[in-house]
Amino acid sequence: MLVIIPHTETELLLLKLQKELVENFYKNADDAYATTEKTGTRDSVNAFSSTEKKIICAVSPLWIPLPQEIEHFFPDFGVDLKEAAKKITHVQIGEPALCDEWIILEEKTEPNKKHPQHVQEGIFSKVKIEILGKEFTSKLELCRIIQKKSHAHASAPYTVPSPQAINQEQKKETSTTKAEISSNFISLINSGKSDILTKFPLELRIFRLGRQEMPAPYTKAISESVWRKIPTTSKKITS
């Protein structure tokens, strides 16, 4: 898999953004629990039940995967990384958004084995990538949200829920509730007048194009990479 590796300066900016997102997430959660204790009602911003709590963690490394569909339009893309990097004319990272319908493939630890898909809730930024005049879309995962059982159920053995059970659980939440969660959470972040968010959409002018490998389960590494500097005279991607 080919990935775009942001320049160190951009990476530091994204790391600060991750910290801000995590801090706001927990601040929002604490406020919701305080409201629940006083009124006995559940805050719509946080779809947490009395027995469940969601935790958030920053995702690393901050690499942007190139969509596989690129190979359909450019069959030789990626054979020579240096030549492939020259074909990338624009990379733009959009504002972060809460998403609970992002389908991803589980990490392949065994070759030629089909692995199941699952829904991962988290905070993502849409990434627009232009290659030789054609635009492609990818996503940068900034934070991952995980559902955690309360201490009252800590002694119970943990079992991985079946796809049917997950679907049934998801049906309990209406699309309106999901929209409220996303809208209110992002509004909370924006209300803080973050200096970082004012920089979005963020254009990557200097980055590395790398070949990602998995030398071991749950381990990612770059086997080779090349630098790409996009001229400032290049036309910007319109949102």
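Please refer to the structure placed before this passage.
Let us look at the structure shown here. What you are looking at is a predicted structure, and each value in this text was computed from that prediction instead of being measured.

This part takes up the overall build of the chain. Helix and strand counts for the chain come out as five helices and nine strands. Each helix (α) and strand (β) of the chain, taken in turn from the N terminus, gives the series β-α-β-β-α-α-β-β-β-α-α-β-β-β. Expressed as a percentage of the 239 residues in the chain, the buried residues total 37%. Accessible area of the chain: about 14,900 Å², with a carbon and sulfur share of 52%.

In terms of burial, strand 1 (residues 2-6) is a largely internal element, five of the five residues being buried. Of the two faces of strand 1, the one holding L2, I4 and P6 and the one holding V3 and I5 are both buried throughout. Across two bridges, strand 1 lies against strand 3 (residues 64-65) in antiparallel orientation. Bridge pairing links I4 to I64 in strand 3.

Turning our attention to the packing of aromatic side chains. Applying the stated rule across the entire model yields two aromatic pairs. When the ring of F73 is compared with that of F136, the centres are 5.7 Å apart and the planes differ by 70°; the resulting orientation is edge-to-face. With F73 in helix 2 (residues 70-73) and F136 in strand 6 (residues 134-149), this pair connects stretches of sequence that are 63 residues apart. What makes F73 partly exposed here is its relative accessible area of 45%. Judged by relative accessible area, F136 falls into the buried class, the value being 1%. In this structure an aromatic cluster arises from ring pairing among F73, F74 and F136. A cation over a ring is seen here: K139 above F124, with NZ or CZ 5.8 Å from the ring centre.

Counting residues in hydrophobic clusters, the biggest one holds 40 residues, and the most contacted among them are I4, F77, I129 and L209. For this core, the secondary structure elements donating two or more residues are strand 1, helix 1 (8-39), helix 3 (81-87), strand 4 (88-105), strand 5 (117-131), strand 6 and strand 8 (206-216). In terms of residue count, helix 1 provides more of this core than any other element does, six residues in total. Not counting residues within four places of it along the chain, the set of residues in contact with I129 comprises I4, I64, L66, P67, I88, H90, V91, K134, E135, F136 and S138.

Bringing the sheet that holds strand 9 (residues 219-229) into the picture now. Picture the strands of a sheet paired through backbone hydrogen bonds; they go either parallel or antiparallel. A sheet is described by the order of its strands in space; here four strands give the open sequence 3-1-8-9, paired in antiparallel fashion. At either margin of the open sheet sits one strand with a lone partner, and together these are strand 3 and strand 9.

Our next topic: the pattern of salt bridges. All told, the structure shown has four salt bridges when counted by the stated rule. The residue E203 makes a salt bridge to R205 at a minimum N-O spacing of 3.6 Å. R205 carries the same exposure label as E203, and that label is buried.

Calculation criteria
Residues numbered from 1 in each chain as written. Predicted model: local features only at pLDDT ≥ 70, side-chain atom pairs only at ≥ 80, totals over all residues. Heavy atoms only, no water. Helix = DSSP H or I, 4+ residues; strand = E, 2+ residues; numbered from the N terminus. Buried < 20%, exposed > 50% of the residue type's maximum accessible area, 1.4 Å probe, protein only. Areas by Shrake-Rupley, 256 points an atom, 1.4 Å probe, with all protein chains shown as cover. Pairing = 2+ DSSP bridges. Phe/Tyr/Trp six-rings, centres within 6.5 Å; stacked < 30°, edge-to-face > 60°. Lys NZ or Arg CZ within 6 Å of the ring centre and 35° of its normal. Core = buried A, V, L, I, M, F, W, Y, C linked by side-chain atoms within 4.5 Å. Contact = heavy atoms within 4.5 Å. Salt bridge = Lys/Arg side-chain N within 4 Å of Asp/Glu carboxyl O.

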